[in-house]
Amino acid sequence: MSMLDNVLSNKYLHATGLVVAHILSIFRSKTQVDPQILTALNTEGYWILPDFFSESICNMLVQNFDERESIATIVDSDRRIFGMEKVSELHQHLFADSVFLKSIGDVHVGMPQILTTTMAAKLYAAPDKLGSGGGWHRDSFLPQFKAICYLTDVCEANGPFEYVPGSHRLTNKLKFALKTATRTHSNIPRYTQASIDEYCRVMGVESKFFVAKKGTVILCDTSGLHRGRPIMEGIRYAMTNYYRSPRLFLDRRAGKGKVYA
Ligand SMILES: O=C(O)CCC(=O)C(=O)O
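Residues numbered from 1 in each chain as written. Predicted model: local features only at pLDDT ≥ 70, side-chain atom pairs only at ≥ 80, totals over all residues. Heavy atoms only, no water.

## Points about the nonpolar core
Argument step 1. Judged by nonpolar contacts, the single largest core of 28 residues is most densely connected at Phe95, Leu101, Leu151, Val217 and Leu219.
Argument step 2. Not counting the four nearest positions on each side in its chain, phenylalanine 95 is found in contact with Phe53, Leu90, Leu101, Thr118, Ala147, Cys149, Val217, Met239, Thr240 and Asn241. (Core = buried A, V, L, I, M, F, W, Y, C linked by side-chain atoms within 4.5 Å. Buried < 20%, exposed > 50% of the residue type's maximum accessible area, 1.4 Å probe, protein only. Contact = heavy atoms within 4.5 Å.)

Here it is, written out as structure tokens:
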């Protein structure tokens, strides 16, 4: 092995190179993302893109789901297909592979985002259940980006997405913890309605639910408090892009100094 090979194979150099590449890619995508969207994601934690897809495209995406409903995972009255981009080219090309959506996540999170899965869902009415996502929760403590697209018109009755504005911000997580002397609240993932009410009262905010037409995309930082409201009547079709950040650490279990993305 030459000296150059030795230098290049050095795991620390490799990791440093990855970090530099990530930083460069963030600057590159910064120029392409609407600053209004970034500001809203930073301050409120969400942004709405109306008419992202036309009605006819939504109908085709719904039809693609219905044709594959037999492979869906059933939980209560929900039908979910994880990895929809692998079984429906339409979902893949139109949504999963969207450079536009991913680049917003890249800049918001501050790292190039990796699509974990596109989940397509058909949710039936179940007034006595907790709703999509299993009730109020945070997906993570650190920033996390998701793009949710309604494929049917969503009104108050058929399970709109609901979010507590600003609850993703570290300053608000700390403020709430200090005000209530609760050190763990921002770190626990699941919440009762009573604890959400308490958060809103203490922080002087109101949760917001999103009634919107099919084809609307909701961008959100799911480290904030959120849920899909229980579906009282009707059906809600939607698809969600789940993104994650690369893991910038050396996987010691593999013992090969491999950097996992
Ligand atoms: O589908 C929704 O409206 C919300 C889903 C949700 O809570 C989640 O993806 O974490």
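## A closer look at the pairing of strand β3 (residues 78–82)
Argument step 1. Among the 5 residues that make up β3, 4 are buried, leaving the element largely enclosed by the rest of the structure.
Argument step 2. Two strands pair when backbone bridges link them, and strand β2 (residues 73–75) and β3 are joined in this way by 3 bridges, in the antiparallel orientation. Bridge pairing in β3 links isoleucine 74 to arginine 79.
Argument step 3. Hairpin connection from β2 to β3: 2 residues lie between these consecutive antiparallel strands, with aspartate 76 at a positive phi of about 50°. (Helix = DSSP H or I, 4+ residues; strand = E, 2+ residues; numbered from the N terminus. Pairing = 2+ DSSP bridges.)

## Quick look at the sheet that holds strand β6 (residues 161–163)
Argument step 1. Pairing is antiparallel across the open sheet formed by 3 strands, whose spatial order is β7-β6-β9. In this open sheet, the two edge strands, each paired with only one partner strand, are β7 (208–210) and β9 (226–228). Geometrically, the sheet is characterised by an average inter-axis angle of 20° between neighbouring strands, direction not taken into account.
Argument step 2. Bridging between β6 and β9 involves 3 bridges; their strand directions are antiparallel. (Axes fitted to C-alpha atoms, helices over the stretch in contact; angles between N-to-C directions.)

## Observations concerning the packing of aromatic side chains
Argument step 1. Taken as a whole and judged by the stated rule, the model has 11 aromatic pairs.
Argument step 2. Centre to centre, the rings of tyrosine 46 and tyrosine 163 are 5.9 Å apart; their planes meet at 70°, and the pair counts as edge-to-face. One end of the pair, tyrosine 46, is in strand β1 (residues 46–49); the other, tyrosine 163, is in strand β6, and 117 residues separate them in sequence. Here tyrosine 46 matches tyrosine 163 in class, with each residue buried.
Argument step 3. Ring geometry for phenylalanine 145 versus tyrosine 243: centroids 5.4 Å apart, planes at 35°, classification tilted. Highlighted residues: phenylalanine 145 in strand β5 (residues 145–150) and tyrosine 243 in strand β10 (residues 235–244), separated in sequence by 98 residues. The pair formed by phenylalanine 145 and tyrosine 243 is uniform in burial state, with each residue classed as buried.
Argument step 4. The structure contains a cluster of three or more aromatic residues connected by ring pairs, namely Tyr46, Phe161, Tyr163 and Phe210.
Argument step 5. In this structure, lysine 173 packs its charged tip against the face of phenylalanine 141, placed 4.6 Å from the ring centre.
Argument step 6. Stacked on the ring of phenylalanine 209, the Lys or Arg arginine 229 has its end atom at 3.9 Å from the ring centre. (Phe/Tyr/Trp six-rings, centres within 6.5 Å; stacked < 30°, edge-to-face > 60°. Lys NZ or Arg CZ within 6 Å of the ring centre and 35° of its normal.)

## Regarding the side chain of lysine 214
Argument step 1. Looking at the element boundaries, lysine 214 is found in the loop between β7 and β8 (217–221).
Argument step 2. Notably, lysine 214 is buried but unbridged: the nearest opposite-charge side chain belongs to glutamate 55, and the N-O separation is 4.1 Å.
Argument step 3. Among the polar contacts made by the side chain of lysine 214, one reaches the side chain of asparagine 59 at a distance of 3.0 Å.
Argument step 4. If we skip the residues at most four places from it in the chain, lysine 214 touches Phe53, Glu55, Cys58, Asn59, Tyr150, Leu151, Thr152 and Asp153. (Lys, Arg positive; Asp, Glu negative; His and termini not counted. Salt bridge = Lys/Arg side-chain N within 4 Å of Asp/Glu carboxyl O. Polar contact = N/O pair within 3.5 Å; in protein donor to acceptor, adjacent residues only side chain to side chain.)

## Structural notes on the packing of helix α8 (residues 170–180) against helix α9 (residues 193–203)
Argument step 1. At a closest axis distance of 10 Å, the pairing of α8 and α9 adopts a crossing angle of 95°. With respect to each other, α8 and α9 are oriented roughly perpendicular. Across the interface between the two elements, Asn172, Lys175, Phe176, Lys179 and Thr180 from α8 touch Glu198, Tyr199, Val202 and Met203 from α9.
Argument step 2. Grouping the amino acids of the contact of α8 with α9 by side-chain chemistry returns 4 nonpolar, 2 polar and 3 charged. (Parallel < 35°, antiparallel > 145°, perpendicular 65-115°, else oblique. Nonpolar A, V, L, I, M, F, W, Y, C, P; charged D, E, K, R; others polar.)

## Things to note about the sheet that holds strand β4 (residues 114–124)
Argument step 1. Reading across the sheet, the 7 strands line up as β1-β8-β5-β10-β4-β3-β2 and stay open at both edges, with antiparallel pairing between neighbours. Bordering the open sheet on either side are β1 and β2, each of which pairs with just one other strand. The sheet shows a mean angle of 20° between the axes of neighbouring strands, taken without regard to direction.
Argument step 2. Packed onto the sheet, helix α7 (residues 99–109) meets β1, β5, β8 and β10 and runs at close to 145° relative to β5.

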